[in-house]
Amino acid sequence: MNIIKTLAVVAGLATALTSFATAQEGSVVGFSQIGSESGWRAAETSVTKQQAEERGIELKFADAQQKQENQIKAIRGFIARDVDAIPVAPVVATGWEDVLTEAKEAEIPVILLDRGVDAPEDLYLTSVASDQVKEGRVAGEWLVEAVGTEPCKVVELQGTVGSTPAINRKQGFEEAIAGHDNITIARSQTGDFTRAKGKEVMEGFIKAENGGADICAVYAHNDDMAVGAIRAIKDAGLKPGTDIKVVSIDAVPDIFAAMVAGEANATVELTPNMAGPAFDALAAYLKDGTEPEKFIITESKLYTPEDNPQGEYDTRKGLGY
Ligand code: GZL
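Nothing here was measured: the structure is a model prediction, and the numbers come from that model.

1. Examining the overall build of the protein chain
1) Next: Scanning the protein chain for helices and strands turns up eleven helices and twelve strands.
2) Next: By the compact-globule yardstick of 20 Å for 321 residues, the protein chain fits well, its C-alpha radius of gyration being 22 Å.
3) Next: Expressed along its principal axes, the backbone C-alpha trace of the protein chain runs to roughly 70 × 50 × 35 Å.
4) Next: The 321 residues of the protein chain split such that 52% are buried.
5) Next: Sequence separation of 24 or more characterises 75% of the internal contacts of the protein chain that already satisfy a separation of 6 or more.
6) Next: If you sum the accessible surface of the protein chain, you get close to 13800 Å²; carbon and sulfur atoms cover 52% of it.
7) Next: When the 30 positive and 50 negative side-chain charges of the protein chain are each reduced to one mean point, those points stand 4 Å apart.

Below, the structure is given as C-alpha cells:
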C-alpha cells in the first residue's frame, strides 16, 4: 500500500476513534448501584468509575444500600436530570417495568449491569452480565469431580433472595449434580452475598449437622459468603478446605488468600468490568444509533489451588476489591 493510501487509512482510523470518543466525551450517565455488600461489588463500582473517567463520561453515582426502592428513586432522579444513559445493577429481578418504561418514554437508554430483570427486553438497550447458570454449573462440576462416588452432603449459601445470580447459580449447580445421587444439598439458605450473613448462616448449618461433622462441602453463591463460612468452620474446630470443601464464585483476592492457606478449594471468576463493554455499546448507540447485542456475556473461568492462587491474589489486590 503506498504512503498516501497508508496516511489516508491512518487518518480515517483516527477520525473514527475521535468521533467514537466524542460521541461519549462529556456525556452524563446516572449509575444506580446496588450497594457495597461484597468485595466484588466494591470492585465493580471502582472499575465503573475508572472506565467512565477514561472515556470522559461524567458519572452520577447512587448507592442503594441493597434496597430496590432506593434504586427506583435514584433512576427517577436521573430521568429528571435528563442524563444521557442509566446503567443499573438491579438488586432483584422483578418490579422494574414501571420505572424502565418511564426511562424509555424519556428516551434515556438503560443498560443492565451484572444482573437481569423480568421485564420486556425493549425496556433496556443491553445487558452486560455473566452466564450465571454456567457459573453454578462449573462450581457443581468441580464438586462432582472432587468427590467422585463418595457420599457428599452439601450446604448452600444462596445470594440475595429474588436476584438473578441467586436463582441462576442455584439452577446451574443443581444441574451439575443431577444424576450423582451421592451428592445432596441438605440445607440451603440466603446469606445475602455478605460475609457476616454467610458466617451466621454457616454457624446454623454446622449446629444442625452434628457440629459440621456431617457436612462434606459448602457451595456459596459468592466468595464473600464463602469467606464468612470459612470463619465459622474454623470457629467450630474444623478445617475448611479439607474437613469441609469450599466452592464459590467471584474470584476476589480473599478467596485466593484462603486457597493459599489451604482453606478454599475452587472459585469461578466474575469480571468486575461490566462497564467497559457497556460504555462501548453506549458510545456506538449515541454516535449513530447502533443497536448492541441485547445480552453481552462475560467469561466464567474456574480457579483452584493449582492455578497459582498467590499470583492471582497479587494481580487482583488493589483493583478496587
Ligand atoms: C453477580 C453479582 C453478585 C456477585 C456478588 O453478577 O451481581 O453480586 O457475585 C455481588 O459478590 O454481591
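Here the narrative resumes, following the displayed structure.
2. Here's the deal with the packing of helix H7 (residues 195-208) against helix H8 (residues 223-235)
To characterise two packed helices, one gives the angle between the axes of the helices and the distance between these axes.
1) Next: One can describe the packing of H7 onto H8 by two numbers: an axis separation of 7 Å at closest approach and a directional angle of 45°. Regarding the angle of H7 to H8, the classification is oblique. Crossing of H7 against H8: the hand is right-handed. Counted together, Arg195, Gly198, Lys199, Met202, Glu203 and Ile206 of H7 and Asp224, Met225, Val227, Gly228, Ala229, Arg231, Ala232, Ile233 and Asp235 of H8 form the full contact between these two elements.
2) Next: The residue makeup of the contact of H7 with H8, split by class, is seven nonpolar, two polar and six charged.

3. Topic: the state of the cysteines
Any covalent bond linking the sulfur atoms of two cysteines counts as a disulfide.
1) Next: On inspection of all chains with the given rule, the structure shows one disulfide.
2) Next: At a sulfur-sulfur separation of 1.9 Å, the disulfide partner of Cys152 is Cys216. Taking the torsion about the S-S bond as the criterion, the Cys152 to Cys216 disulfide, at about -85°, is left-handed. With Cys152 in strand E6 (residues 152-158) and Cys216 in the loop between H7 and strand E8 (217-220), this pair connects stretches of sequence that are 64 residues apart.
3) Next: Taking the relative accessible area as the measure of exposure, Cys152 reaches 1% and is therefore buried.

4. Details of the packing of helix H3 (residues 68-80) against helix H4 (residues 97-105)
1) Next: The interhelical angle for the contact between H3 and H4, taken along N-to-C directions, is 10°, at an axis separation of 10 Å. As far as their axial angle goes, H4 and H3 are roughly parallel. The residues of H4 that touch H3, namely those facing Ile72, Ile75, Arg76 and Ile79, are Asp98, Val99, Glu102 and Ala103.
2) Next: Class assignment for the residues of the contact of H3 with H4 results in five nonpolar, no polar and three charged.

5. A word on H7
1) Next: If you check H7, its first and last C-alpha atoms are 20 Å apart, about what 14 residues at 1.5 Å a residue would give, namely 20 Å.
2) Next: Those residues of H7 that fall on the buried side of the exposure criterion are Gly198, Val201, Met202, Phe205 and Ile206. Seen from one end, H7 has its buried residues packed into an arc of 145°, which puts them on one side. In H7, the exposed positions that point more than 90 degrees away from the buried face belong to Ala196 and Lys207.

Quick notes on the rules
Residues numbered from 1 in each chain as written. Predicted model: local features only at pLDDT ≥ 70, side-chain atom pairs only at ≥ 80, totals over all residues. Heavy atoms only, no water. Helix = DSSP H or I, 4+ residues; strand = E, 2+ residues; numbered from the N terminus. Rg over C-alpha atoms; globule rule 2.2 N^0.38 Å. Buried < 20%, exposed > 50% of the residue type's maximum accessible area, 1.4 Å probe, protein only. Contact = heavy atoms within 4.5 Å. Areas by Shrake-Rupley, 256 points an atom, 1.4 Å probe, with all protein chains shown as cover. Lys, Arg positive; Asp, Glu negative; His and termini not counted. Charge placed at Lys NZ, Arg CZ, Asp CG, Glu CD. Axes fitted to C-alpha atoms, helices over the stretch in contact; angles between N-to-C directions. Parallel < 35°, antiparallel > 145°, perpendicular 65-115°, else oblique. Left-handed = near helix turned anticlockwise from the far one by under 90°. Nonpolar A, V, L, I, M, F, W, Y, C, P; charged D, E, K, R; others polar. Disulfide = S-S within 2.5 Å. Expected span 1.5 Å × (residues − 1). Arc of directions from axis to C-beta.

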